[in-house]
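Survey of secondary and tertiary structure
Take a look at the letters that make up each chain.
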Amino acid sequence: MSLTSSKRLKLSSLKTRSHQLTGDPENEKQWVKMTGARSHLRATGFTDTDFVKPIITVACPYSNALPCNNHFRQLGDMIVEEVEKRGGKAFLCQTPVVSDGETMGTNGMKYSLISRDWIADCVEIMHEAYAADAVIGLGGCDKTVPGVLMPIARLNSIGACLYGGTILPGHCEGRAEALDVRSVMEAIGSYGAGLIDVEELHKVERCALPGSGACGGMYTANTMSCAVEALGMALPGTATGPAVDTDNKVTLKKKDDCKRIVEALFNLMETKVSARQILTRKAFENAVAVMYAVGGSTNGVLHLLALAHEAKVKLEIEDFNIIGERVPIIVNVSPHGKYHTADIDAIGGLPVVMKELLSHGLIHGQCLTVSGSTVAENLAGVPSLSDLGTQDIVYSVDVPFSPAGRHILILQGNLSPESAVLKLSGKQLDKPFVGPAVVFDGEHEAFDAVMAGRIKAGDVLVIRYEGPKGSPGMPEMLSPSAALVGSGLGKSVALVTDGRFSGASHGIMIGHVTPEAQVGGPIAVVRDGDLIRIDASKRQLSVEISDDELSRRLADWQAKSLPDSGLLAKYSRVVSSAHTGATTH
């Protein structure tokens, strides 16, 4: 069977055998039309036989500027080699990559969420312009994982994804706990509160990140790698493995993953299984369930909504409450637990987690995956928790790390008429948290206030104009949130924002408040001293002022000015609400 698609004019139209031309004016017309393309491809090394091979887009978001993706050039080359061995031709597509960890607390963070959609557009451009037959998407840093899958869903292409791997935990002399990026950010807060000196801060900074790979806890990158595996768009067992070994060399397992993903893709081409046959409503329910089970990042809400939008699957933000209230946290990893994602891999990886969920009816076993098998078939040979012996990394559903209903909650109320996202990470708010608002029109002023000791126990720190349109870009609030935790205020101060949070954030954190301030959401008119009420049991977020007073304030409100040129201005004009995933359609 030919692997080359006939859906549109592809490189198969470049065939040069004379029998195709003789007596067939239409073949000759097409052959002549593509002569220019043939001549250009010959200059890159194509021979006559290459023109009939399937073309594979290898989406490779590589940069040497960040550990999450700085090994992707090697992975990309490995995949290209495997494609060639199997009779295909691979076209590399490199894209921008923004490190959240490196841009955190700076204006560069405005470009982080933007990069997700820009990556998707870059892959679509290269895949469609070169009329390729299938896609392999490499994901690493936070936005590249959903970014390379979005165009596969958008175009309903034949495709599969491979995670570049998690970073190994860091270790520091004199500190018993393993370190990661959260350790650095919280150490900054501890330094600001006078709890550690600058030498200790420098020691943590030097040791926390030992080599290549995405942030090591269950932060956004690892949350999304797990979600993509749960969706069925990555091979089983590829979501949690380290990127490199202790010598900072690509692991043998990751090299094998490169071979396996190419084999899987060629099987998908032979069976003509495209993305939307895998990305069903039940597949998204599986991904949401897994996100809750691993205690994943609030960014998973944004990205799964965006992916569902691209796949034309009806998934709404309220579905997260419906699914999440049934699924406990069963993984003991940072930021809520003591282990790291690589530790999950050491006992069998995400399939162990999914087997436990499947055995309790919390995920759908009949969903198809890129392996060619269903979820249930993939998990049939995976050991159960009882087979693993004594370990405290993955818990049972019956005796979980934290009960259902204590992780990510979707809130509504007069402060968030559309929605807001509360991250509890296993904590319990037995009673409503009510405190006076301390309001800042931006992250930097709020961070300075925390570091200066101006935020007190019982306060509600409100940071606004950080939404998708208002920032523009919806940056993460890890700097102020980590400073709160590091200064000892993580359990006594709530943070409410129309921005978003890093997966490393923990405490009483409410983000994605919509409508955002820039479009006249009620958060725009909250004043210092207004009482903010957070009621987790009722899923409510409110400001304790009358409807009449709120209406009067909104009538007098004016939007702040925004950039009038450049990418930030363009993004602000086209981005949708965080309520629907902050997509750019």
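Summarised in this report is the structure supplied together with it.

What follows is about the pattern of salt bridges. The full count for this structure, using the stated rule, is 30 salt bridges. Measuring nitrogen to oxygen at the nearest pair gives 3.7 Å for the salt bridge that ties E81 to K85. Placement of the pair is E81 and K85 together in helix 3 (residues 72-85), with a separation of four residues, close to one helical turn. Judged by its relative accessible area of 47%, E81 falls in the partly exposed class. Exposure remark for K85: the relative accessible area of 58% places this residue in the exposed category.

Turning our attention to the packing of aromatic side chains. Considering all chains together, one arrives at four aromatic pairs under this definition. Between F91 and Y130, the ring centres sit 5.5 Å apart and the planes meet at 85 degrees, which makes this aromatic pair edge-to-face. A residue pair is termed long-range when its members are at least 10 positions apart, and F91 in strand 2 (residues 89-93) and Y130 in the loop between helix 5 (110-129) and strand 3 (134-139) qualify at 39 residues. Among the residues examined, Y130 registers a relative accessible area of 42% and is labelled partly exposed. Relative to F401, the ring of Y395 has its centre 5.6 Å away and its plane inclined at 80 degrees; by these criteria the two rings are edge-to-face. Assessed through its relative accessible area of 26%, F401 is described here as partly exposed. Put simply, the rings of F46, F51, F91 and Y130 pair up and form one aromatic cluster.

Among the nonpolar cores identified, the biggest contains 108 residues, and I79, F284, L304, F320 and L357 are the most heavily contacted of them. For this core, the element with the most residues is helix 12 (residues 281-293), which contributes nine residues. In this structure, I79 is in contact with V58, I136, L138, L162, C258, I261 and V262, ignoring residues within four places of it in sequence. Judged by nonpolar contacts, the second largest core, of 29 residues, contains V439, V460, V496 and L550.

Summarising the sheet, strand 5 (residues 170-172) and strand 6 (residues 175-179) pair through two bridges and their orientation is antiparallel. Bridging from a neighbouring strand, G170 pairs with L179 of strand 6. Two successive antiparallel strands, strand 5 and strand 6, enclose a turn made up of two residues, where G174 displays a positive phi of approximately 90 degrees.

Here we have four strands laid out as an open sheet, ordered 2-1-3-4, and parallel in their pairing. Both outer strands of the open sheet, strand 2 and strand 4 (159-163), are each paired with one neighbouring strand and no more. In this sheet, adjacent strand axes meet at a mean angle of 20 degrees when their direction is disregarded. For strand 1 (residues 55-59) and strand 2, the ladder comprises five bridges, and the chain directions are parallel. Across the sheet, residue I55 finds its bridge partner in strand 2, namely K89. Where helix 3 meets the sheet, its contacts fall on strand 1, strand 2, strand 3 and strand 4, and the angle it forms with strand 2 comes to roughly 160 degrees. Across the sheet, helix 6 (residues 144-155) touches strand 1, strand 3 and strand 4, and the angle it forms with strand 3 is around 165 degrees.

The rules behind the values
Residues numbered from 1 in each chain as written. Predicted model: local features only at pLDDT ≥ 70, side-chain atom pairs only at ≥ 80, totals over all residues. Heavy atoms only, no water. Salt bridge = Lys/Arg side-chain N within 4 Å of Asp/Glu carboxyl O. Helix = DSSP H or I, 4+ residues; strand = E, 2+ residues; numbered from the N terminus. Buried < 20%, exposed > 50% of the residue type's maximum accessible area, 1.4 Å probe, protein only. Phe/Tyr/Trp six-rings, centres within 6.5 Å; stacked < 30°, edge-to-face > 60°. Core = buried A, V, L, I, M, F, W, Y, C linked by side-chain atoms within 4.5 Å. Contact = heavy atoms within 4.5 Å. Pairing = 2+ DSSP bridges. Axes fitted to C-alpha atoms, helices over the stretch in contact; angles between N-to-C directions.

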